[in-house]
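Listed below, chain by chain, are the residues.
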Amino acid sequence: MNRAAFRRVWGIIYRHLALYRRSWPRVLELMYWPVLQMVVWGFVTSYLAGVQGNTASVAAGVLLGGVLLWEVALRSQMGFSLSFLEEIWSRNLGHVFVSPLRPRELVAALMGMSIIRVLVGVLPAMLLAWLLYSFGILTMGPVVVGFFAALLVMGWAVALGVTALILRYGAGAEALAWSILFGLTPFSAVFYPVAILPGWLQPVALALPSAHVFEGMRAALRDGTVETGHLLAAFALDALWLALMGYVFLRQFESARVRGALLNIGE
Amino acid sequence: METPAILAEALSKRYAPDAPPAVDALSFSMPRGATWGLLGGNGAGKTTTIAMLLGLLVPSGGRISVLGHDMARDRFSALARMNFSSPYIALPARLSVAENLRVYAHLYDVPEAERRIGELAAQLQLTGLLDRPAGELSAGQKTRVALAKSLVNRPELLLLDEPTASLDPDTGDWVRSWLERYRTETGCSILLASHNMAEVERLCGHVLMLKQGRVVDSGSPAELLGKYGREDLEQVFLDIARGRQRVPA
């Protein structure tokens, strides 16, 4: 990527940062759900730990770790998809697409916004988990960075699919930006092992990077071990899904240019 | 020989295989430094033509070259050297005027962006508005901001879609005068689509009259007036739109 390409990517990121600078409700919204989730699940685990008479319960850590890490995937996907939707809502896409910005640069900018939104959304929840419930996700060690990265990339892959659907079906597909990843929660084995799922569902779960991340997280919290196999599987699946969804996105973008959908995508 | 600003060869667009063509076998060559007008009623193919010239829409057939770049293979090189303004595409309303212009300065890799923004603000009387959110501006102010956005990269080709739509006569006249001066000073090529016949007559050296996606007539405003024996382009437009025979001079 040359300097001009970096500037174009920065142009889109700057546009969104300027929007957040002028709209505190948007900034608050970034933190609202992760913090709320942490508070609710934190009290649930405190209650369960009390019932078990074991305040340092591994189960409590597994639940809180699941909440925090799943928020990374959710915020990553929403950070990408909603930044794209902001362009539609502001009826600005026409200007963006007649500039020299390449589709891959738009994707890079949306990924950049996704990282920023994840950090702003998840860091306060992590801090809260530590302050209120003495749960430090970083106690898992450096492997947590791998878990973060794998879920971040999975969020991008899902977001590319959502954005492709928006290009195909217009803003009518916008509800998917809010809901699609919630639909993957049961298969992602966020709060329970993959082995709990019925046999026929397990291959579905293992085709998702998230299931491998959470299997790895449980091993790290339970035994203090790093399950490299799960981490590598997560990254391999990330690469596969990202390539596939990137292809679908680019195909839909070109199809939108043929159908004239870029002229009235807000409708 | 200098390549034309726009070269369209047998350009066509069908939105569906069984739909009538929105643009049908459109061919023209617009020289550098010229100001041309696209005239036609609703559904004549003006917006579709402009969208194809901008690379927003892929033609069903034919070929477009903009500033020597084939739009099918090398559209981003052309897009960096051209720009576009339309009152129907908004700029982010919550961003200030300066922030909006800064975004596009980045997208077009404009050197010394702040200086360029200051220049445009001074020229288009936007200096006092730079910190105002774009959504809070009047229609006339928004038009001037949209013009500033379209000039931020010093385009060699400017595509304007109804540049004075919804403006009061005074503001519309100010914009037209400004465009005339800008063209003279920079040699920028301008293609504008408009329903305002007086505007086209004043700004354009050549006019393409479109009907059902085809060029049904073309020439300078004076040539068209002579050909149809009319006093103004509006009457010529009505003759063509209603399929009336031209009146011999």
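Residues numbered from 1 in each chain as written. Chains lettered and ligands numbered in written order. Predicted model: local features only at pLDDT ≥ 70, side-chain atom pairs only at ≥ 80, totals over all residues. Heavy atoms only, no water.

**Concerning the overall build of chain B**
The helix and strand inventory of chain B stands at 9 helices and 10 strands. Relative to its length of 249 residues, chain B is compact, with a C-alpha radius of gyration of 18 Å against a globular reference of 18 Å. C-alpha atoms of chain B, sized along the principal axes, occupy 55 × 40 × 40 Å. Look at the contacts in chain B between residues 6 or more apart in sequence, and 65% of them connect residues 24 or more apart. When the accessible surface of chain B is summed, it comes to about 10300 Å², and 50% of that surface belongs to carbon and sulfur atoms. (Helix = DSSP H or I, 4+ residues; strand = E, 2+ residues; numbered from the N terminus. Rg over C-alpha atoms; globule rule 2.2 N^0.38 Å. Contact = heavy atoms within 4.5 Å. Areas by Shrake-Rupley, 256 points an atom, 1.4 Å probe, with all protein chains shown as cover.)

**Observations regarding the packing of helix α1 (residues 3-21) of chain A against helix α3 (residues 58-89) of chain A**
Residue and element names in this part refer to chain A. As a packed pair, α1 and α3 sit with axes 11 Å apart at the nearest point and diverge in direction by 80°. As summarised for this structure, α1 and α3 are arranged roughly perpendicular, according to the angle between their axes. Taken together, the residues of α3 that come into contact with α1 (itself represented by Ile-12, Arg-15, His-16 and Leu-19) are Ser-83, Glu-86 and Glu-87. Taken together, the residues that form the contact of α1 with α3 break down as 2 nonpolar, 2 polar and 3 charged. (Axes fitted to C-alpha atoms, helices over the stretch in contact; angles between N-to-C directions. Parallel < 35°, antiparallel > 145°, perpendicular 65-115°, else oblique. Nonpolar A, V, L, I, M, F, W, Y, C, P; charged D, E, K, R; others polar.)

**Remarks on the pairing of strand β1 (residues 6-13) of chain B**
Where β1 of chain B meets strand β2 (residues 23-30) of chain B, 5 bridges bridge the pair, whose relative direction is antiparallel. Within the sheet, the bridge partner assigned to Ala-8 of chain B lies in β2 of chain B and is Phe-28 of chain B. (Pairing = 2+ DSSP bridges.)

**As for the domain arrangement of chain B**
Residues and elements named next belong to chain B. If you check the domain split of chain B, you get domain 1 (1-81 + 156-249) and domain 2 (90-154). The interface of domain 1 with domain 2 comprises 15 residues on the first partner and 14 residues on the second. When domain 1 packs against domain 2, the two sides together hide about 1100 Å² of surface, and 68% of this comes from carbon and sulfur. Looking at the side of domain 1 facing domain 2, the largest losses of area belong to Trp-174, Trp-178 and Tyr-182, adding up to 45% of the total buried there. Inspection of the domain 1/domain 2 interface yields 0 salt bridges. Our enumeration of links across domain 1 and domain 2 arrives at 2 residue pairs in polar contact (both at pLDDT 80 or more). Of all the elements in the fold, those that place two or more residues in the side of domain 1 that touches domain 2 are β7 (157-161) and α6 (169-186). Take the side of domain 1 that touches domain 2: its biggest share by element is 6 residues, from α6. (Domains from an automatic or database assignment. Buried area = accessible area lost by both parts, 1.4 Å probe. Salt bridge = Lys/Arg side-chain N within 4 Å of Asp/Glu carboxyl O. Polar contact = N/O pair within 3.5 Å; in protein donor to acceptor, adjacent residues only side chain to side chain.)

**What to know about the nonpolar core**
If you look at the biggest cluster of nonpolar residues, it comprises 161 residues, and the most contacted ones within it are Leu-69, Phe-84, Phe-97 and Met-140 of chain A together with Ile-6, Leu-157 and Leu-159 of chain B. Element by element, the count of residues in this core is highest for helix α6 (residues 143-169) of chain A, at 16 residues. Two domains each provide a minimum of three residues to this core, namely domain 1 (1-81 + 156-249) and domain 2 (90-154) of chain B. Core analysis: the next-biggest nonpolar cluster, separate from the first, contains 6 residues, Val-194, Leu-197, Leu-201 and Ala-211 of chain A among them. (Core = buried A, V, L, I, M, F, W, Y, C linked by side-chain atoms within 4.5 Å. Buried < 20%, exposed > 50% of the residue type's maximum accessible area, 1.4 Å probe, protein only.)

**Looking at the packing of aromatic side chains**
Applying the stated rule across the entire model yields 8 aromatic pairs over all chains. Following the ring pairs from residue to residue traces out a cluster consisting of Phe-97, Phe-249 and Phe-253 of chain A. Above the plane of the ring of Tyr-169 of chain A lies Arg-168 of chain A, whose end atom (NZ or CZ) is 5.0 Å from the centre. Lying over the aromatic face of Trp-174 of chain B, Arg-144 of chain B brings its terminal NZ or CZ to 5.7 Å of the ring centre. (Phe/Tyr/Trp six-rings, centres within 6.5 Å; stacked < 30°, edge-to-face > 60°. Lys NZ or Arg CZ within 6 Å of the ring centre and 35° of its normal.)

**Let's talk about the sheet that holds strand β9 (residues 206-211) of chain B**
Residue and element names in this part refer to chain B. Spatially, the 6 strands line up as an open sheet ordered β6-β7-β8-β3-β9-β10, and their pairing is mixed. Single-partner strands in this sheet number two, and they are β6 (82-85) and β10 (214-219). Taken over all neighbouring pairs, the strand axes of this sheet differ in orientation by 15° on average, direction set aside. Against the sheet, helix α9 (residues 233-241) engages β3 (35-39), β9 and β10, with an angle of about 30° to β9.

**Thoughts on the pattern of salt bridges**
Here the structure, examined in full by the defined rule, presents 27 salt bridges over all chains. The salt bridge involving Arg-222 of chain A is made with Asp-223 of chain A; its shortest N-O contact spans 3.3 Å. Where salt bridges share partners, they join Glu-9, Arg-63, Asp-70 and Arg-73 of chain B into one cluster.

**Some words on the interface of chain B and chain A**
The interface is formed by 36 residues belonging to chain B together with 36 residues belonging to chain A. At the boundary of chain B with chain A, total buried surface from both sides reaches about 3300 Å², with 58% on carbon and sulfur atoms. When the buried surface of chain B facing chain A is broken down by residue, Leu-56, His-106 and Leu-107 of chain B rank first, second and third, together holding 21% of it. Counting the contacts that link chain B with chain A gives 4 salt bridges.

**Some remarks on the layout of surface pockets**
A volume near 780 Å³ is recorded for the largest pocket. Residue lining of the largest pocket: 34 residues in total, with Leu-263 and Asn-264 of chain A together with Thr-47, Tyr-88 and Ile-89 of chain B positioned closest to the centre. With 5 residues, the top contributor of residues to the lining of the largest pocket is helix α1 (residues 46-53) of chain B. Of the residues assigned to the lining of the largest pocket, the class counts are 15 nonpolar, 13 polar and 6 charged. What the second largest pocket holds in volume is close to 380 Å³. Around the second largest pocket sit 24 residues that line it, and Pro-87, Ile-89, Ala-90, Lys-142 and Thr-143 of chain B are the ones nearest its centre. (1 Å grid on protein atoms, 1.4 Å probe; cavity = no way out; pocket = protein on both sides within 12 Å on 5 of 7 lines; lining within 4 Å. Points joined across faces, edges and corners; volume = space filled by probe spheres on them.)

**Side note on the side chain of Arg-257 of chain A**
Mapped onto the elements, Arg-257 of chain A comes out in helix α10 (residues 228-259). A polar side-chain atom of Arg-257 of chain A sits 2.7 Å from a polar atom in the side chain of Glu-254 of chain A. Separated by 2.8 Å, the side chain of Arg-257 of chain A and the backbone oxygen of Gly-55 of chain B make a polar contact.

**What to know about the sheet that holds strand β4 (residues 61-66) of chain B**
Residue and element names in this part refer to chain B. Ordered in space as β2-β1-β4-β5, the 4 strands form an open sheet in which the pairing is antiparallel. The open sheet terminates on both sides in strands that have one partner only, identified here as β2 and β5 (69-70). As paired elements, β4 and β5 share 2 bridges and run antiparallel to each other. Bridging from a neighbouring strand, Val-66 pairs with His-69 of β5. Across the face of the sheet, α1 comes into contact with β1, β2 and β4 while running at roughly 120° to β1.

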